[in-house]
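Reading the structure
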Amino acid sequence: MRALWLLHEIGATFELIEMPFDLSVLRAAGYLAVHPLGRVPCLVDDDFKLFESGAITEYLCERFPQSGLGRAQGDPERYEWLQWIHYSETIAVHAAALVQQYHFLAAPERSAAVLRLEGRRLRKAIEVLNARLQDRACLLRRGFSAADVSVGYSVHLAHRFIAIEEFPAVASYYAKLQARRAFRAALPKDWERPLTWLQPFVPPASAGG
Ligand SMILES: N[C@@H](CCC(=O)N[C@@H](CS)C(=O)NCC(=O)O)C(=O)O
């Protein structure tokens, strides 16, 4: 969704090919030639192919500099911009571990220890974001950028597992991102359907992190 949301923010012309969550499709030889692990997303721009959403984000911002969503070499916000784009994946890996635990594994493979640990690490990662957003509406002072798209998607994923209202700055940030036309355009069609497979709300850690 990060790459798709960013394409909508940029207003680029593109063709979206949706891949089913089906290993016979994702691991087919033709698709492995695009992504060697058979994962999504991938970007194909004429003869050029790219995987990893962080790299796709950097590529699109350089390809469409007029969007103002990137921070080019020499820009004082360049390295903060990169930091938050990559921090978004730090948030997402914990949420992805919880998706795996809740959705793909059942007892006895599902691990209470992994659920507890990943839930706690996800909360810590959101706490850092909450601190960053105390005195600003966007991650960077100059305003909305692709870093907000990257991190915003991770918050969107994380909010399935934590009570986002416990983090007021993140909750208000997420509400503003959800109101964006490009965010809504990138949502899956069945977004409103309750995700019964996700057990929401990892309880706050009793101590430490
Ligand atoms: N770090 C990668 C993660 C790619 C990834 O794991 N994508 C998931 C969907 S969000 C996937 O394709 N999973 C299918 C699988 O693991 O087989 C990125 O940001 O592009």
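Here the structure is a predicted model, which means the values were calculated and not measured.

Our focus in this paragraph is the overall build of the protein. A tally of helices and strands in the protein yields nine helices and two strands. Along its sequence from the N terminus, the protein presents helices and strands in the succession α-α-α-β-β-α-α-α-α-α-α. The C-alpha atoms of the protein give a radius of gyration of 18 Å, which matches the 17 Å a tight globule of 209 residues would have. The dimensions of the protein, computed from C-alpha atoms along their principal axes, are 50 × 45 × 30 Å. Burial status across the protein gives 44% buried among its 209 residues. Pairs at least 24 apart in sequence give 66% of the contacts found in the protein among residues at least 6 apart. Here the protein displays about 11700 Å² of accessible surface, and carbon together with sulfur accounts for 56% of that area. Computed over 24 positive and 23 negative side-chain charges, the separation of the two mean positions in the protein equals 5 Å.

This part covers the domain arrangement of the protein. Taken domain by domain, the protein holds domain 1 (2–67) and domain 2 (78–186). Each of domain 1 and domain 2 has a C-alpha centre, and these two points are 21 Å apart. The junction of domain 1 with domain 2 conceals about 1400 Å² of combined surface from both sides, 67% of it contributed by carbon and sulfur atoms. The tally of links between domain 1 and domain 2 comes to two salt bridges. A salt bridge links Arg 180 to Glu 9, with the nearest nitrogen and oxygen atoms 2.8 Å apart. Counting residues per element, the side of domain 1 that touches domain 2 draws most heavily on helix 1 (residues 2–10), at six residues. Of the residues assigned to the side of domain 1 that touches domain 2, the class counts are five nonpolar, three polar and four charged.

Note that strand 1 (residues 42–45) and strand 2 (residues 48–51) share four bridges and pair antiparallel. Across the sheet, Asp 45 pairs through a bridge with Phe 48, a residue of strand 2. Following strand 1, the chain reverses through two residues before pairing antiparallel with strand 2; Asp 46 in that reversal takes a positive phi of roughly 55°.

Attention shifts here to the site of the ligand. By nearness alone, every residue bordering the ligand is listed as Arg 2, Phe 21, Arg 27, Arg 39, Val 40, Pro 41, Glu 52, Ser 53 and Glu 89. Ser 53 is positioned with one of its side-chain polar atoms (N or O) 2.5 Å from an oxygen atom of the ligand. The side chain of Glu 89 places a nitrogen or oxygen atom 2.6 Å from a nitrogen atom of the ligand. Contact with the protein chains covers 71% of the free accessible surface of the ligand, which is 500 Å². Residues that form the shell around the ligand fall into these classes: three nonpolar, one polar and five charged.

Residue pairs spaced three or four apart in an α-helix point in one direction, given the helix's 3.6 residues per turn. Within helix 8 (residues 168–178) the residues assigned to the buried category are Ala 169, Val 170, Tyr 173, Tyr 174 and Leu 177. All buried residues of helix 8 fall inside an arc of 130° around its axis, so they share one side.

Once that is clear, we can look at the nonpolar core. Membership of the largest hydrophobic core comes to 56 residues, with the highest contact counts inside it found for Ile 91 and Leu 129. Contributions of two or more residues to this core are made by helix 1, helix 4 (53–63), helix 5 (78–104), helix 6 (112–132), helix 7 (146–158), helix 8 and helix 9 (181–186). Looking at this core element by element, the count peaks at eleven residues for helix 5. Looking at this core, you find at least three residues from each of domain 1 (2–67) and domain 2 (78–186).

What counts, and at which threshold
- Residues numbered from 1 in each chain as written.
- Predicted model: local features only at pLDDT ≥ 70, side-chain atom pairs only at ≥ 80, totals over all residues.
- Heavy atoms only, no water.
- Helix = DSSP H or I, 4+ residues; strand = E, 2+ residues; numbered from the N terminus.
- Rg over C-alpha atoms; globule rule 2.2 N^0.38 Å.
- Buried < 20%, exposed > 50% of the residue type's maximum accessible area, 1.4 Å probe, protein only.
- Contact = heavy atoms within 4.5 Å.
- Areas by Shrake-Rupley, 256 points an atom, 1.4 Å probe, with all protein chains shown as cover.
- Lys, Arg positive; Asp, Glu negative; His and termini not counted.
- Charge placed at Lys NZ, Arg CZ, Asp CG, Glu CD.
- Domains from an automatic or database assignment.
- Buried area = accessible area lost by both parts, 1.4 Å probe.
- Salt bridge = Lys/Arg side-chain N within 4 Å of Asp/Glu carboxyl O.
- Nonpolar A, V, L, I, M, F, W, Y, C, P; charged D, E, K, R; others polar.
- Pairing = 2+ DSSP bridges.
- Near = heavy atom within 4 Å.
- Polar contact = N/O pair within 3.5 Å; in protein donor to acceptor, adjacent residues only side chain to side chain.
- Arc of directions from axis to C-beta.
- Core = buried A, V, L, I, M, F, W, Y, C linked by side-chain atoms within 4.5 Å.

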